[in-house]
Structure formats: C-alpha cells, structure tokens
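Structural features, examined
The lines below spell out each chain.
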Amino acid sequence: MPVRPYLCRTFLCLAVLAGVGVSQVVADGPSVKFSKRCLMVSPNEGCAVGDVNKDGKLDIVAGPAWFAGPDFIARPVRDIEEFQDDFLHNNGDHLFDVDGDGWLDVVSNSWITSDVHWYKNPGEPGLSKGLKWKPALLKETRGQNEVTALKDFDGDGVPEWFVNHWDKKAGKFCRHTISDFGGGVGIGMQIQTADFNDDGRIDIAVSGKTGTWVLMNEGVK
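First, a word on scope: everything that follows refers to the structure included in this document. Predicted model only: the values in this text are computed from it and were never measured.

Further remarks concern the nonpolar core. Grouped together as the largest cluster of nonpolar side chains are 12 residues: Ala48, Val52, Val61, Trp66, Ala68, Val77, Leu95, Trp103, Val106, Tyr119, Leu127 and Trp133. Apart from residues no more than four positions distant in its own chain, Leu95 is found in contact with Ala48, Val49, Gly50, Val52, Val61, Leu104, Asp105 and Val106. Residues Leu39, Met40, Ala62 and Phe67 belong to the second largest nonpolar core, which totals seven residues.

Here is the structure:
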C-alpha cells in the first residue's frame, strides 16, 4: 500500500491510500480515498522521506524526530530551539549520506541563523537504542532563509544546496545567483524542481510576490 507523508504547520499527518470510489478527482478519472493519523504535534516546518534504518521501508524525518515505517512511531533525532513562541529553528529537512558511510543523514538549517548543519545517522545499533544524531557544521551561509532544496543542479552526482532568501544581501557561501527578482517572505513550499524541458538538467519553478517563474538550468558556464 503506497504511503505519502504530508506536513502542515503544527501537525504532521500520514495520508494512506485506502481505496477508490469516494469522490471524483477529474471528470472521467479514478477517485481515491485517504485516511490519516497524526504523528506529531509540533511547530516544526520540514520533513523528508527515505529509508533511514535500511530495512527496505520508507521512513519519515521531521525536525526533532524520525518515524520508522510502517508503524511510524516517533524516535529522537535532535533537539531544536524554539523562537518567537511558535517557531522551531528548522525550515527544511533533507536526507543525504553526507559522510559516505551508507546511512542517510539529515541536512537542515533555520529561518534566521546562517549555519547549515548535518546530523549523523547513528546507524544500527544507535537507531535501535534511540540515540540522538550528532550535529556538525556543514557550511556557514547566511540567514533569512525561506525554503531550501537539495538537488543535483550541475549533474555531477552530488546535490547542491538551494536556498530562497527574502532579501538580496551577499552571502558567505559559494553563491550562484540564478534570479534577481527575490521570492519574498511566505513563499513556503511554492518552489518545485524538475527537468521541465527534458535536457537532463534540473530546473526550478518558483512563485513569489512578483509572479510565477520558471528558471531554466542552462548548465555549467
């Protein structure tokens, strides 16, 4: 049974395909029924899906916890500081084997702070003991981050860190400016990446205060 995770602010819910025949999705197409259950109540705003414990089943990582499929019981990842009473210092979780040990690690940053950290997957037996994942600084970039992505934009097999900022100040990262119009605050998940023109390169679709744009990847110059 395929599983699709959905994260809305405050509630992390799991939507499970339960059957067909409830409501019409398109005029003459099939319809599906979803059931859901709450996995976590938290002001966290990020999640990722991958096989964290290498058991062949999809797991969910969401801020301070990870949820092992198919039961999706919460297990600890890290402590995340709160700010402004209703936010956590996390607005993006990404799974990637940073140290090449065969276990998926978490890469994450905050809205305000400039540092991007990665959290080392403790592997087995660390996961089975419920150990927290050790943090390490990945890169010092800049603050004012609205949304992030981890995608292989240059086709070298290693993903790049994509950040949408709500201002245009220069950063300390090895920065490649792909657009100068700015996304503004509140863009949230209105960024999608895909190969729109089938040229083998990852492009970006973004919607902001100035409109909706497609940023076509023209390759390494």
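Looking now at the side chain of Asn109. On the secondary structure map, Asn109 appears in the loop between strand 11 (105-108) and strand 12 (115-120). If we skip the residues at most four places from it in the chain, Asn109 touches His89, Asn90, Asn91, Gly92, Asp115, Val116, Asn145, Thr148 and Trp161.

Applying the stated criterion across every chain, the model contains five salt bridges. One salt bridge connects Asp79 with Lys132, and the closest N-O pair in it is separated by 2.8 Å. With Asp79 in the loop between strand 7 (73-76) and strand 8 (82-83) and Lys132 in the loop between helix 1 (123-129) and strand 13 (134-140), the pair connects residues that are 53 residues apart, well separated along the chain. Here Lys132 falls in the partly exposed class, since its relative accessible area comes to 46%. Lys120 serves as the salt-bridge partner of Asp101, at 2.9 Å between the closest nitrogen and oxygen. Here Asp101, found in the loop between strand 10 (93-96) and strand 11, pairs with Lys120, found in strand 12; they are 19 residues apart in sequence, far enough to count as distant.

Attention now moves to the packing of aromatic side chains. Within this structure, the stated rule accounts for zero aromatic pairs. Between the NZ or CZ atom of Lys54 and the centre of the ring of Trp103, over which it lies, the distance is 4.2 Å. Above the ring of Tyr119, the side-chain terminus of Arg78 is found at 4.5 Å from the ring centroid.

Take the sheet that holds strand 12 next. One open sheet holds the four strands; their spatial order is 10-11-12-13, and the pairing between them is antiparallel. Lying at the two open borders of the sheet, with one neighbouring strand each, are strand 10 and strand 13. Strand-to-strand twist of the sheet, defined as the mean angle between neighbouring strand axes without regard to direction, takes the value 30°. Pairing of strand 11 with strand 12 involves three bridges; the strand directions are antiparallel. Pairing of Ser108 across the sheet is with His117, part of strand 12.

Rules behind the numbers
Residues numbered from 1 in each chain as written. Predicted model: local features only at pLDDT ≥ 70, side-chain atom pairs only at ≥ 80, totals over all residues. Heavy atoms only, no water. Core = buried A, V, L, I, M, F, W, Y, C linked by side-chain atoms within 4.5 Å. Buried < 20%, exposed > 50% of the residue type's maximum accessible area, 1.4 Å probe, protein only. Contact = heavy atoms within 4.5 Å. Helix = DSSP H or I, 4+ residues; strand = E, 2+ residues; numbered from the N terminus. Salt bridge = Lys/Arg side-chain N within 4 Å of Asp/Glu carboxyl O. Phe/Tyr/Trp six-rings, centres within 6.5 Å; stacked < 30°, edge-to-face > 60°. Lys NZ or Arg CZ within 6 Å of the ring centre and 35° of its normal. Pairing = 2+ DSSP bridges. Axes fitted to C-alpha atoms, helices over the stretch in contact; angles between N-to-C directions.

Shape descriptors only; they carry no functional weight alone.
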